Structure formats: C-alpha cells, structure tokens
Amino acid sequence: MKAIFVVAMIVILSVANGAAGQSKGVGHGVRKDAIGIAKPLAPAMPRFRFENFSTANGLPDDHVFSVLVDGDRIWAGTENGLGLYENGKWKTFTTRDRLAHRAVLSLALDKRTGDVWAGTMGGLSRISGGRIDTFTQLNSGLSNDVVYGVSVEGENVWVATAAGACKLDLHTGEWSLYNERNTPMQEIWVYGVAATPTKVYYAVWGSGVLEYDQQKKIWDKYDDPDGETEMVLFKDQGLIHEITTSVSYIDKILWVATYFGDSRYDGRYWHNFLTKDSGLPSNFTNVIKGVDGKRAWFGTDKGLAYYDGTNWAVYRPSLATGKPEMTVRDAKGNVSPVAVNTAPAHNYVLGIDFQGSDIWVATAKGLSHGIHQP
Amino acid sequence: MNRPRHNAAGALSSLAAVCCVVFGMCAWSGWTARASVATGRTGEQLEYASPLEVLFSPDGTRLYVLCQESAQVRVLDATSYETVKNIAVGAMPRGFSLSPKGDRLFVANSWDDTISVIDTKTLEVVTTWPVGAEPSSVVEDRDGKHLFVANRISNDVAVLDANTGTEEKRLAAGRGASYITASPDGSKLYVTHVYPNATAHRTAPDSEITVIDSARAVVEDRIALPYVAHGFHVAFSADGRLGVATNMHPKNLVPLAHLEHGGAFADTLTLFGADVGKPVEVPLDELELYAVRPFGIAITPDKSRMFITCGGSEMVTVVDVPRLIRYARMHPGSSAQDLSASANYVVGRIAVGHDPRGVALTRDGSKLVVANRLDDTISIIDTKTYRVASTIALTGPKQLSVLRHGEQTFYTARYSFQGQIGCANCHIDSTFDGLQWDLEPDGFGRDVVDNRPIEGVKDTEPFKWNGGNPNLPTECGPRTEKYFWRAENYDDLTLTDLVVYVRSLPARPNRWRLPGEALTAGQERGEALFVRGTDKFGKAIPETNRCAYCHSGPKGTNQKSFDVGTKKATDNAGLLDTPQLTNIAITAPYLHDGSAATLEQIWTVFNPQDTHGRTNDLTKDELNDLIEYLRTR
C-alpha cells in the first residue's frame, strides 16, 4: 500500500508540474530566455492529452494504417483486422467476418447511410449494420485488390488502388475505371482520394494529382513543374512533388501531401511547405487533412503537425529522448517548446480524423486519441 | 439502375404476348374448346383481381384490398364487404400501407417502379412518385418525415421525403428486399428479403431481417437468419415484445431424394424480441401436415393466437402464442428439422382458397381477413372457432381460365408427396430462388445444379442444364412428377394448363435498358466485345468461341449444348445447355452449378483457357464494359 501511495504521489506531482509548465508556456504574455531577456510568447496552439491504444488494451494490432470517427464510434484499420471502439470496448472484424483482408489501409464513412467502407490489401469491404460485403477484382469491377484510399460522395464510392482509380455507383451498381487509358494519369499507383460533390482528387504516386470536375465531367492533372526531382527551382510555382500520398479538399482548397513536402492550392495559387521554410517536422508526409481552407493537419514520419495558417505545432515523442514533446513555430520561425506529458503513440503517422475538437491519430505503433485541453 | 418511363406499352405487349401464348398453346394442344366446356376452363385472357394484401382503415370501417393483376386498390365496406370504390394504381402492385395518421395510403407498384399515393378521404390517387427498382412494400415513419420503400431488384430500401417523394438515399438490405414492417411504437422498421444473401458455394444459405432506425433512417442492426433462404412478412405483438417473421428454410445441401422424410423445405417462423431473447427458428410443419410457404402473419391484440397464411398448403395455420413462447425459450436456436415440434404450439389449420397471402385482423381480433390470391376471394375467419365464417368473392370473371388454372397448379403443393412443396417453392413468385440443388437422378452428390429463372422461358428449350428435357410438358410433367412430387401425376389437362402458364411468364422489365432507350457508352463498348470476331491481338476468334454465337437470338441462347470447360469433378458431363440471358443481372449465382458468385467470376475465375469465349485478352475495364452490356439483356 505504501508503495502504491508513493507512486501515486509521484504521478500527481508530475502532472501538477506538467500543468504548471504548460501554463508557463502558453498562459502568459511574455517569457524570458536564459539570460532574462523578455521575448514574445509562442502563439497559442491547440493542446491535447493523448490517450494511446495498443493491443494491450484491445486494439487488434499496433500497426494502424487508418482511423475513422463515426460519432461516438471509432474505427481503426490495422494490419491485423478492423477495430471498432464503442462504449469503451474494442471489437475486431477479420476475414472470418467476411472482411476482404486483414490489413485495412483506408476507411471512409457514408454519412447518409452510416455504412463504413474499408480499403484493404485484398479488396474493398462495406460494413453495414454489422454485415460485411466484399468487392474484389475477381468478383466485381474493382480495378485492383490493393485499396489504398476510399472516399464516399453521394451515391458514389471513389477508390484508389494499386492499379488505377475507380468508382462504384451504388445506385446502378456500375463500376467505372480510371487509368492511363482514359485519364491523364501516367502512373497507375493511386494512393489517396478525396471526393466532394464538385471535385474529386486522386493522389497518384509518381503522377501528381488528378482532378475530376463532377459538373463538367472532365479530368485535369497537376504536376510538379520541376518534374520528378527533388529540386524546387521556383517556390510555389506548382505542386511540390510528383510522388503524392494524400489529398484533402475543403472550402475549395486542395491540400496535398507528398514524400518531399506538402502543397496547398486555392485554384489559382500554390503554396508549398518544406521543413526548411515551415514548421513541418519532415517532408516525408503520409497523410494530410484540412480542417478548413486555412488550417490543416499533417502526418509525417517524424511526428504529427498542425498548421493554423500562420503558425505550426508539432506533437510527438521526442526524436532524441522519446519523451512527449510539443513545439510551436511562429510566423517568424521562432520555435518554442511547450511542456506536455503525453504525445501520440509514435512519430510515424499514417491516419488522422477529427472528433469535435479532439483528434484521432493512426500511427505505426498504436492509435492515439488527442483529447483537446482548454 | 434506370427507371422505366412508363409501363403501359410493356403491359400491353405482355398482354398481347400472353394472349398469343394462350392461343398458340390452344392450337398446339387442340383440346381447349373441349376443355372449357367440360371443366369451365377457358382460353380467354381474363382480368382477375388477384388480391394479394389486405388492411383495415384505422377506424375499422373499410377494408383495403390490394389486387395485383387488376392493378387496383379495392375499397370494401368492412361490414357488408360491398365495393366502395376501385382505385387504379400502377403495374403489378405488391405492397401497401397506411400512413400513421391514416390519411394516406401508399402503394408500391413493382413493375413500373412507382409509389401511388392515395388520399383516404377522397379515395383518389393524388400523386405518383417514381422509385426503383421493383418496389415491393412501402411504409411511412411515425413522424411523417420519410417513406421507406423496399426495392426487390436493387436489394435496398429507398428513403424518400414523405412530402415530396424525393429519394434521399438507399440503405443496403438483404437480397430481394421486399417486406417492411414497423414496430408497434414505430421506432424501428424490419425488412425481409425473398432471395438468400450471397454465401460461399455449397454452403448454407443465410438471410437477415434488416433493422432500420426510422428516425435516423440508417441500418441499425441485422438479425441473422441462418439457413433461411426466403423471408416474407413480419408481425409484432401489440406490446412489441415479440416479433415473428415467416420464412422458408431449404434443405438444399443434401440430395433432394427424401421427400418422404420431409427432405425439401422446412416452413418456419423466426421469433425475436424481448419475449425470446436471441432469435429462435421454429417449424410449422408436421408429418403429413406441411405448412407450405408461410407468408402473411397476424397476432391477436391479446397475444393469444397467431395466424399464418401458407400459400402452397392453401390454409391458415393457427398458433397458440403463449405455448409458442414457452417452446422457444426451452429450445433456443433452430428446431427447423424437428417435425414433432409444431405439435407443441400449432392448434389449428384452416382451409382457405388458392394461394392465400395477406392477412388482417379486425381491431378487436375477432375476425381474420385472408386474401386468396388465385381465387379472387376473401376468407373471413372467426378467430375463436377457427372456422371460415364467409368467403367474399371479389367482382370479376367467374370462369377459370387456362392460365389461372395453370397458375393455381404452379402455386399449390397438393401434387407433391404429403403436400410438401410446389413449383413456387423454388420459383419464388414465378422467378428463381438463388439456390443450388442436388437432384437424385444424376447420383447423390453428382451434377449439383443452379436453379435457372423461368421468366421469359418460352422458346428457350431444351430444359435442364444437360438439355435432357426437350420441352416444357416433359420438364413440368414426368420429370417433376417423378423427381420432385413423388406422388400424384397431373392429369393431361392440368399439365397442359401448367405449361401454358409457365410459357406465358413474361420477363420483368429490364432496369438497365428501358424500352426505346439507347445503350450507354459503356454498354455500347460491351456490346462490341460481345459480338466481336477478332481479339485484341488481331487474331480471328473462332465463331463458336464468340459470346454472340452461343448466346444468340432474342433470349440470348441458340438452344444448343456446349462444353465450355466448366465441368467440375462432381459433374457427370461437361456438355451443357446454353442458358438464356434474360435479366441475367439479377439472377446470381452463375454457371450450371452456381459456382460463379458474380458475372465477373465467370471470366476472372472460371475461364482460364478461354473455353467459355475469348476473354483473357480483355483488360479489367473492358470486362466491366462487357458486363454492363450483359446487364441490359
């Protein structure tokens, strides 16, 4: 009992110290550097208490590719099954439940019907009222069984696969395939998709971004003006790189993630983000998700990042010590640490979704729930 | 899926086709004039009412009768049963319901893909809304916000704005979604389906009751019905604690050789809800007293009795509800195979007319009204004595036409051993069942065959997958009598009437290509592949290996047999009759043994050597185009 009491006191004191540290960083108008010179405070950026899930507390697998928020329910696409977190418990769906494959790479919610679509390494599955229907390249018009991305818009399910893009019309059951034969796509390795009633964007690995105009029914393409090299001859002249991994389209703004930096496009002007001139923790970005036209979240191999249109925040276990870390970078490039006690489960971030002001993060070593702190 | 613009032309052409068939058959058989004199049967095309469903107005003063063949809602005085009004609705109406307020009557017209909205004060159709495809029932939610429509072909439930009829979305339901029932408090809707959901080849079929949260209009749950292939109506006790669904439970994984052991189907109920906990399946059959094709169901307000129409047995089965609940609690899971079970709770069997379907109880539960579809009558049953108090004949022809007699023969189970099955057991509503059967004559475990659809079957002979039956009289007569019925033979006239009926069956409208509508770009590309004579490498495709060679003609068959390399180890021969392509999009699974779950699998899995047409040079998008074309057939 004594030992438990001592441990409990240490935890309480640690939390208290952490809280005090946090209030030092964000709560006052100025801070002082090592020699006592007053400096302006770091911008106030969202702070979270991260609760992390692993196989130890019911997650199907620690390698989490994707996460989807469905009201109070959380879906986690892992390497070994689809997890559903509901009422404090995890339930796992596997191939025994007719899931197309154990490795679930992507997730999408049909907000109209409540159905969840899961892109897997072995086909596309629909989870509807507990029933799983699976579409594969052999039993349906799906272009390929490796489904990297899925997005639902109206009655259409847009799919990104290892052999082209495709669309399932839920009304007619018709599959439409999009590849090098009928679009400007040069490569057919399609990594991500974002579908809206006006535009559909595909991140094509090695072939930039493909755009489909739903009204005009025409395709367009955005490439890196420098070609496929890592050179950036003129900043903000176009898409940062051809090797795109993720797209997000919101408020008529396109956000694009690549393995060599990220881009924002407003329909006329491009703005690119690189580690050397932004708060991005790494140019190697797996996933991007816009909050609106101004703000976005970035999942990189070196942590989770948030951009509010001016300032940046990075949330991760420290690269040096592994301890929880949060840093804020202001518009002038000043980087300030913010004392925190928790961080996402791992720096390699593969999926992001929002639950109100909370955030859920899929990482290579667990799923994280970032609970927003006032 | 497209929506037909209007079905009037189709209906007329179908009518003409039916007339031609009848007259053609009359000429073929040479007996009709004599038969009609001798038996009352007539070769005329008569317009029967075919009452399918019934319901009372909320105040109990009117009885609404949904008449499928005359495409009407007939409004009767609920006391005198005199006609108040006949209201014309759309083609082949299949389901109807009153709004919770009782001010509107909604009718699902299955063949022209519309909902008729009737004002119950004026008894006029005030509007008709397009829906799709093959709407089979319709229910309004308790708040009057949404209409829910079960679409049999698209296997879903459409959610419409209840004021405008605008479709907002579709919810995935079971295959052949057909019947919707609201829970007593209206918070949930329960949807059944008439064809089994897809399962792995030669595994037990399964079905579901799709549970919809009516306020949120989303699927909340699916009640699993293992081994059930066909689901029909659902009813609830007034307290909402007991839900009951009528089902057919096939025994298709074992050879169909033991009809004498009750070996073809179990006719069952699935009970669910607070009274029983987990769902429980119970049989209605008893040795020598089969309750073939249970369909309509009603529970008395005091929860003492339950009445179930059994179409093939032409009777109403009466169940003691407290005894049923007691039995279900003591026998969880399924007792479908136990022919002694029903003696514990079945307390009456009431003979009614041909193919009894829909039922309705008066508000006090004292009378049960039964729609006898193939008699054009309504049976009024005293629920205390289990006797038919009266039988009301609906206005219409009193003669028995050849077609009507043939249809009665198709739907009855009286010809089979102990009255266990009828043609309609495997040809649900004169279509197909989505199942594979192991018939005895080929050897046990040999030549397992997928059940082929029979709509538009005229001019597709020979029959059977091995082409062994040269015509319908052989197919429907000696073969059926010997291998299915194992009992009474048809007399010549009955067999002929049955054949006339089967030959008259029209194909339902194709939703992927409406009459007069041009092919889409994808369908056109697919058609070019279907008829092509050269492969993508410029090499000529032998004529016999082109799609359009075997699948030629208006029905998509040249009526010859070929070995297309699909023979399995359990098959006695690889030479197979070329199946017709009529409405092939909706008749999965495919190939003679049903091993191809989808059209795609015919080529992606079962055609490695290009023996079932040259297809291995096609890209995935071209294969998709080919399938888009096939869906127009």
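Residues numbered from 1 in each chain as written. Chains lettered and ligands numbered in written order. Predicted model: local features only at pLDDT ≥ 70, side-chain atom pairs only at ≥ 80, totals over all residues. Heavy atoms only, no water.

Visitor: It is not clear to me how the packing of aromatic side chains should be interpreted in this structure. Could you clarify?
Guide: Remark: the centre distance and the inter-plane angle together describe each pair of aromatic rings, the angle taken between the planes. All names here are of chain A. Scanning the model with the defined rule gives 55 aromatic pairs over all chains in all. Centroid distance Trp-75 to Phe-93: 5.9 Å. Interplanar angle 25°. Geometry classified as stacked. Of this pair, Trp-75 sits in strand 5 (residues 73-78) while Phe-93 sits in strand 7 (residues 89-93), and the two are 18 residues apart along the sequence. Like Trp-75, the residue Phe-93 is buried in the burial classification. Centre to centre, the rings of Phe-284 and Tyr-348 are 6.3 Å apart; their planes meet at 50°, and the pair counts as tilted. Remark: Tyr-348 occurs in the loop between strand 29 (335-338) and strand 30 (349-355) and Phe-284 occurs in the loop between strand 23 (270-273) and strand 24 (285-290); sequence separation between them is 64 residues. Each residue in the set Tyr-148, Trp-189, Tyr-191, Trp-205, Tyr-259, Phe-284 and Tyr-348 is aromatic and connected to the rest through ring pairs, giving one cluster. Over the face of the ring belonging to Trp-255 we find Arg-264, whose NZ or CZ atom lies 5.7 Å from the ring centre. (Phe/Tyr/Trp six-rings, centres within 6.5 Å; stacked < 30°, edge-to-face > 60°. Helix = DSSP H or I, 4+ residues; strand = E, 2+ residues; numbered from the N terminus. Buried < 20%, exposed > 50% of the residue type's maximum accessible area, 1.4 Å probe, protein only. Lys NZ or Arg CZ within 6 Å of the ring centre and 35° of its normal.)

Visitor: Just to check I follow, could you spell out the interface of chain B and chain A for this structure?
Guide: Frequently, the measure chosen for interface size is the accessible area removed from exposure when the parts meet. Listed per partner, the contact involves 32 residues of chain B and 25 residues of chain A. Approximately 2,100 Å² of surface area, both sides summed, lies buried where chain B meets chain A, with 42% of it carried by carbon and sulfur atoms. Inspection of the region where chain B meets chain A yields three salt bridges. Across the pair B:Glu208 and A:Arg131 runs a salt bridge, and its minimum N-O distance is 2.8 Å. Here chain B is connected to chain A by 16 residue pairs in polar contact (both at pLDDT 80 or more). Where the side of chain B that touches chain A is concerned, the elements lending two or more residues are strand 13 (167-172), strand 16 (206-213), strand 17 (218-226), helix 10 (599-604) and helix 11 (620-630) of chain B. Top contributing element to the side of chain B that touches chain A by residue count: strand 13 of chain B, with six residues. Of the residues assigned to the side of chain B that touches chain A, the class counts are ten nonpolar, eight polar and 14 charged. (Contact = heavy atoms within 4.5 Å. Buried area = accessible area lost by both parts, 1.4 Å probe. Salt bridge = Lys/Arg side-chain N within 4 Å of Asp/Glu carboxyl O. Polar contact = N/O pair within 3.5 Å; in protein donor to acceptor, adjacent residues only side chain to side chain. Nonpolar A, V, L, I, M, F, W, Y, C, P; charged D, E, K, R; others polar.)

Visitor: What is the right way to look at empty space enclosed by the protein in this model?
Guide: Picture a little ball the size of a water molecule; that probe, rolled over the atoms, points out where space is still empty. Residues and elements named next belong to chain B. Applying the stated rule across the entire model yields three cavities of 30 Å³ or more. One number sums up the size of the largest cavity: a volume of about 110 Å³. Forming the walls of the largest cavity are Tyr-179, Phe-232, Met-248, Arg-293, Phe-295, Gly-311, Asp-355, Arg-357, Tyr-411, Ala-424, Ile-428 and Asp-429. Taken together, the residues of the lining of the largest cavity break down into seven nonpolar, one polar and four charged. Considering only enclosed or pocket space, the second largest cavity measures out at about 40 Å³ in volume. Taken together, Leu-529, Arg-532, Ile-541, Asn-545, Arg-546, Cys-547, Gly-613 and Arg-614 make up the full set of residues lining the second largest cavity. When its residues are assigned to classes, the lining of the second largest cavity shows three nonpolar, two polar and three charged. (1 Å grid on protein atoms, 1.4 Å probe; cavity = no way out; pocket = protein on both sides within 12 Å on 5 of 7 lines; lining within 4 Å. Points joined across faces, edges and corners; volume = space filled by probe spheres on them.)

Visitor: Would you mind going over the nonpolar core with me for this structure?
Guide: The nonpolar side chains of a soluble globular protein tend to be buried with one another. All names here are of chain B. Phe-410 and Val-502 are the most contacted members of the largest nonpolar core, which totals 44 residues. Among the secondary structure elements, those contributing two or more residues to this core are helix 4 (402-411), helix 5 (423-426), helix 6 (472-485) and helix 7 (492-504). The biggest single contributor to this core is helix 7, with six residues. Ignoring sequence-local partners within four residues, the contact set of Phe-410 consists of Gly-422, Cys-423, Ala-424, His-427, Ser-430, Ile-454, Leu-498, Tyr-501 and Val-502. Judged by nonpolar contacts, the second largest core, of 25 residues, contains Leu-271, Met-306, Val-321 and Leu-324. (Core = buried A, V, L, I, M, F, W, Y, C linked by side-chain atoms within 4.5 Å.)

Visitor: Can you help me understand the confidence of the model for chain B in this one?
Guide: The predicted coordinates of low-pLDDT regions are not to be read in fine detail. Residue and element names in this part refer to chain B. Overall, the prediction assigns chain B a mean pLDDT of 91, with 93% of residues at 70 or greater. Within the model, pLDDT remains below 50 along residues 1-38, and this stretch shows 61 contacts once partners closer than five positions in the same chain are excluded. Listed scores for the predicted complex are pTM 0.89 and ipTM 0.87. (pLDDT = per-residue confidence, 0-100.)

Visitor: How do you make sense of the environment of B:Val125 when you look at a structure like this?
Guide: All names here are of chain B. Secondary-structure assignment places Val-125 in strand 9 (residues 124-130). Sequence separation between Val-125 and Asn-510 is 385 residues, and the spatial gap between their C-alpha atoms is 26 Å. With residues near it in sequence (within four places) discarded, Val-125 still touches Ile-87, Ala-88, Val-89, Ser-116, Val-117 and Ile-118.

Visitor: Please explain the pairing of strand 11 (residues 146-151) of chain B as it appears in this structure.
Guide: Residues in a regular strand point their side chains to alternate faces of the sheet. Residue and element names in this part refer to chain B. Among the six residues in strand 11, six count as buried, and that is most of the element. Both strand 10 (residues 135-140) and strand 11 contribute to a ladder of five bridges, which runs antiparallel. By the bridge assignment for strand 11, Val-138 is matched with Val-149. Following strand 10, the chain reverses through five residues before pairing antiparallel with strand 11; Gly-144 in that reversal takes a positive phi of roughly 70°. (Pairing = 2+ DSSP bridges.)

Visitor: Would you explain the pattern of salt bridges in this entry?
Guide: For side chains bearing opposite charge, pairing can occur when the charged atoms are close. Following the criterion strictly, the structure yields 49 salt bridges over all chains and no others. For A:Lys289, the salt bridge identified is with A:Asp353, shortest N-O distance 3.7 Å. Of this pair, A:Lys289 sits in strand 24 while A:Asp353 sits in strand 30, and the two are 64 residues apart along the sequence. Overall, A:Lys289 belongs to the partly exposed group, its relative accessible area being 26%. A:Asp353 gets classed as buried once you look at its relative accessible area, which sits at 10%. The salt bridge involving B:Lys85 is made with B:Glu124; its shortest N-O contact spans 2.9 Å. Residue B:Lys85 is found in strand 5 (residues 83-88), and its partner B:Glu124 is found in strand 9; the two are separated by 39 residues along the sequence. A relative accessible area of 41% places B:Glu124 in the partly exposed class. Within this structure, B:Arg94, B:Asp113, B:Glu134, B:Glu455, B:Arg508 and B:Arg511 form a network of salt bridges that share partners.

Visitor: Please clarify how the sheet that holds strand 30 of chain A should be interpreted in this entry.
Guide: The strands making up a sheet associate through backbone hydrogen bonding, with each pair oriented either parallel or antiparallel. Residues and elements named next belong to chain A. Taken together, four strands build an open sheet; the order of strands is 3-32-31-30 and the sheet is antiparallel. If you trace the sheet from one side to the other, it starts and ends with strand 3 (47-53) and strand 30, each paired once. Across this sheet, the average inter-strand angle for adjacent strands is 20°, counted without regard to direction. (Axes fitted to C-alpha atoms, helices over the stretch in contact; angles between N-to-C directions.)

Visitor: Would you mind showing me how to read unusual backbone geometry here?
Guide: Negative phi is the rule for most residues except glycine; trans is the rule for most peptide bonds. Residue and element names in this part refer to chain B. For the bond running from Gly-132 to Ala-133, omega is -5°, close enough to zero to count as cis. Inspection of the secondary structure assignment puts Ala-133 in the loop between strand 9 and strand 10. Going from Ala-588 to Pro-589, the amide bond is cis rather than trans, its omega being 0°. Relative to the assigned elements, Pro-589 resides in the loop between strand 35 (575-577) and helix 10.

Visitor: Whenever I open this one, helix 8 (residues 521-531) of chain B confuses me. Can you help?
Guide: Helical geometry: 3.6 residues make up each α-helical turn, so side chains three or four residues apart lie on a common side. All names here are of chain B. Among the residues making up helix 8, those that are buried are Gly-522, Gln-523, Gly-526, Leu-529 and Phe-530. Axial view of helix 8: buried residues confined to an arc of 115°, hence all on one face. Here the buried face of helix 8 lies against helix 9 (547-550) and helix 11. (Arc of directions from axis to C-beta.)

Visitor: I would appreciate a short explanation of the sheet that holds strand 29 (residues 377-382) of chain B in the present structure.
Guide: Residue and element names in this part refer to chain B. Reading across from one edge, 27-28-29-30 is the order of the four strands in this open sheet, with antiparallel pairing throughout. For this open sheet the edge positions go to strand 27 (356-361) and strand 30 (387-393), each flanked by a neighbour on one side alone. Pairs of neighbouring strands in the sheet enclose a mean axial angle of 25°, with direction left out of account. Both strand 28 (residues 367-372) and strand 29 contribute to a ladder of six bridges, which runs antiparallel. When the bridges of strand 29 are listed, Leu-368 appears paired with Ile-381.

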